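Structural characterization, general
The residues making up each chain are set out below.
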Amino acid sequence: MQLGAFSVSLAVKDLATSRAFYEALGFSVTGGDAAQNWLVLRNNGIVVGLFQGMFEGNLLTFNPGWDQHKQELASFQDVREVQAELDAKGIALTARADPDGEGPAYLQLTDPDGNVILIDQHVARPTGR
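Residues numbered from 1 in each chain as written. Predicted model: local features only at pLDDT ≥ 70, side-chain atom pairs only at ≥ 80, totals over all residues. Heavy atoms only, no water.

Under an unreviewed UniProt entry, the chain has the name Catechol 2,3-dioxygenase and belongs to Stenotrophomonas indicatrix.

A separate point is the UniProt feature "domain: Glyoxalase/fosfomycin resistance/dioxygenase" (unreviewed entry) in the chain. If you check UniProt for "domain: Glyoxalase/fosfomycin resistance/dioxygenase" (unreviewed entry), the listed places come out as residues 8-117 in our numbering. Along residues 8-117 one finds 18% helix and 34% strand; the C-alpha atoms at either end are 10 Å apart. (UniProt positions renumbered as here; feature names shortened; annotations may be inferred. Helix = DSSP H or I, 4+ residues; strand = E, 2+ residues; numbered from the N terminus.)

Before going further, it helps to spend a moment on unusual backbone geometry. In this structure, Asn-37 is a non-glycine residue whose phi angle is positive, near 70°. The topology assignment puts Asn-37 in the loop between strand S2 (28-33) and strand S3 (38-43). Residue class for Asn-37 comes out partly exposed when judged on its relative accessible area of 32%. Of note in this structure, Lys-70 is not a glycine but carries a positive phi near 65°. Looking at where Lys-70 falls in the secondary structure, it is placed in the loop between strand S5 (59-63) and helix H2 (79-88). (Buried < 20%, exposed > 50% of the residue type's maximum accessible area, 1.4 Å probe, protein only.)

Below, the discussion takes up the pattern of salt bridges. This structure, assessed with the given rule, holds 6 salt bridges. The shortest N-O distance in the salt bridge between Asp-78 and Arg-125 comes to 3.9 Å. One end of the pair, Asp-78, is in the loop between S5 and H2; the other, Arg-125, is in the segment after strand S7 (116-121), and 47 residues separate them in sequence. Classification of Asp-78 as buried rests on a relative accessible area of 0%. A salt bridge links Asp-87 to Arg-96; the shortest N-O distance between them is 2.6 Å. Salt bridges sharing partners connect three or more residues here, namely Asp-78, Arg-80, Glu-102 and Arg-125. (Salt bridge = Lys/Arg side-chain N within 4 Å of Asp/Glu carboxyl O.)

Take a look at the structure:
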């Protein structure tokens, strides 16, 4: 199963305070919009998303179609294919992608310990699949 780029999405109480903390650890803002209460920070290949008021808890996030530097991949396993594979394995999903969709889509599941996993594809289904 190809899940794509990995990041941790943190539900933060105060975006500015969290930004300052992670910048002190060597992270730099590489995306997002503070006016919309979210930022993406990077320290080499490590990516942390800060989200104020968007999620109830922290998420493990995978992005099919992207490498670790948010560059679109020429070939990748579409989120709908990942969903079909998870279905075949009997893994319950808490949010589902439209299996007939072509554009960006996401699905969500929870691991046995209650950790929420978001598989969030921001690019269209690869051509030829």
